[in-house]
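So the chains spell out like this:
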Amino acid sequence: MRKVGQPLPDPSGLLMASKKIAQGLLPEQDLLSEEVFFQAVEHCPVAISITDLKANILYANRMFTQVTGYAMEEVIGKNESILSNHTTPRLAYQALWGRLAQQKPWAGMLLNRRKDGSLYLAELTVAPVINDKGETVNYLGMHRDCTEIHQLEQRVLNQKAMIEAVINAAPE
Ligand code: FAD
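First, a word on what this report is: a plain description of the structure on this page. On a predicted model such as this, the values are computed, not experimentally measured, just so you know.

1. Quick look at the sheet that holds strand β1 (residues 47-51)
Next up, step 1: Taken in spatial order, the 5 strands make up an open sheet running β2-β1-β5-β4-β3, and their pairing is antiparallel. The sheet terminates laterally at β2 (57-60) and β3 (106-113), the two strands that pair on one side only. On average, adjacent strands in this sheet sit at an angle of 30 degrees to one another, irrespective of strand direction.
Next up, step 2: The pairing of β1 with β2 spans 3 bridges and is classified as antiparallel. Residue Ile50 lies in a different strand from β2, and its bridge partner there is Tyr59.
Next up, step 3: Packing against the sheet, helix α5 (residues 90-101) makes contact with β3, β4 (119-130) and β5 (136-145), and its axis sits at approximately 135 degrees to β3.

See the structure below:
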């Protein structure tokens, strides 16, 4: 068993192994264990949540707890809408749910609210989890706090606008 913190195997090697297993060239026990998958998601540096079809949270990883301020046990069974600041236009949510209904992912920015009430800009991707029969069985949410990057971008844009204004106002 691989211990937490130990480096994961090279992904290209894993891909080769799964292909060989699919072709019957390698025994199935060479597949990654469920534990490795769990630890990879648990320690992923992106806030990850898995929900039922109504967006009720069934699982949230460590980064989710870190970004939102909610402990895992506080969010289990709660709807993802606890993160909503209720200022995002309804159209954005309709687009999100529309894509999921088509079994397609949706990506965009939402204004989220942490447990302590503070706001952050979430770069969110949601995707359907589809089973072997082609049915959507769960939803996967992945987001990161991009407030700082957004503020930096705004600052750069403001400075650019200011420099342009100064240049335009300068006598030829
Ligand atoms: P809602 O009652 O959710 O309604 C908003 C719109 O969505 C309506 O048009 C409604 O018809 C539609 N809708 C809602 N539920 C369903 C459904 N089960 N099937 C089809 N259509 C539906 N929201 C955030 O604000 N921040 C997040 O970080 C976030 N992460 C999410 C992660 C995942 C995996 C999923 C599936 C959803 C996530 N959402 C997130 C969306 C969230 O579930 C809510 O839809 C949203 O927060 C709006 O909540 P509301 O109570 O204001 O409105």
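2. What to know about the site of the ligand
Next up, step 1: Neighbouring the ligand are 22 residues; Arg90, Tyr93, Gln94, Trp97 and Asn112 lie closest to it.
Next up, step 2: Contact between the ligand and Asn79: an oxygen atom at 3.4 Å from a side-chain N or O atom of the residue.
Next up, step 3: Between an oxygen atom of the ligand and a side-chain N or O atom of Tyr93, the distance comes to 3.0 Å.
Next up, step 4: For the ligand, the accessible surface in isolation is 930 Å², of which the surrounding protein chains cover 75%.

3. Section: the pairing of β1
Next up, step 1: For β1, a buried count of 4 out of 5 residues is recorded, marking the element as mostly surrounded by other parts of the structure.
Next up, step 2: Here β1 runs beside β5; their pairing, made up of 5 bridges, is antiparallel. Bridge pairing in β5 links Ile50 to Leu140.

4. So, the layout of surface pockets
Next up, step 1: Reported here for the largest pocket is a volume of approximately 500 Å³.
Next up, step 2: Within the residue set of the lining of the largest pocket, elements represented by two or more residues are β1, α5, β3, β4 and β5.
Next up, step 3: At 5 residues, α5 tops the list of elements feeding residues into the lining of the largest pocket.
Next up, step 4: When the residues that make up the lining of the largest pocket are grouped by side-chain class, the tally is 13 nonpolar, 10 polar and 2 charged.

5. Side note on the pattern of salt bridges
Next up, step 1: Across all of its chains, the model carries 5 salt bridges by this definition.
Next up, step 2: Residue Arg144 pairs with Glu123 through a salt bridge whose shortest N-O separation is 2.9 Å. Taken together, the positions of Arg144 in strand β5 and Glu123 in strand β4 put the pair 21 residues apart, joining distant regions of the chain.
Next up, step 3: Under the relative-accessibility criterion, Glu123 is labelled partly exposed at 34%.

6. As for the side chain of Thr68
Next up, step 1: Among the secondary structure elements, Thr68 is positioned in helix α3 (residues 62-68).
Next up, step 2: Relative accessible area serves as the criterion here: at 0%, Thr68 is assigned to the buried category.
Next up, step 3: A polar contact is formed between the side chain of Thr68 and the backbone nitrogen of Tyr70, at a distance of 3.2 Å.
Next up, step 4: Setting aside chain neighbours within four positions, we find Thr68 in contact with Leu83, Arg114, Lys115, Tyr120 and His143.

What counts as what
Residues numbered from 1 in each chain as written. Predicted model: local features only at pLDDT ≥ 70, side-chain atom pairs only at ≥ 80, totals over all residues. Heavy atoms only, no water. Pairing = 2+ DSSP bridges. Helix = DSSP H or I, 4+ residues; strand = E, 2+ residues; numbered from the N terminus. Axes fitted to C-alpha atoms, helices over the stretch in contact; angles between N-to-C directions. Contact = heavy atoms within 4.5 Å. Near = heavy atom within 4 Å. Polar contact = N/O pair within 3.5 Å; in protein donor to acceptor, adjacent residues only side chain to side chain. Areas by Shrake-Rupley, 256 points an atom, 1.4 Å probe, with all protein chains shown as cover. Buried < 20%, exposed > 50% of the residue type's maximum accessible area, 1.4 Å probe, protein only. 1 Å grid on protein atoms, 1.4 Å probe; cavity = no way out; pocket = protein on both sides within 12 Å on 5 of 7 lines; lining within 4 Å. Points joined across faces, edges and corners; volume = space filled by probe spheres on them. Nonpolar A, V, L, I, M, F, W, Y, C, P; charged D, E, K, R; others polar. Salt bridge = Lys/Arg side-chain N within 4 Å of Asp/Glu carboxyl O.

Function-wise, these values are silent; they only describe arrangement.
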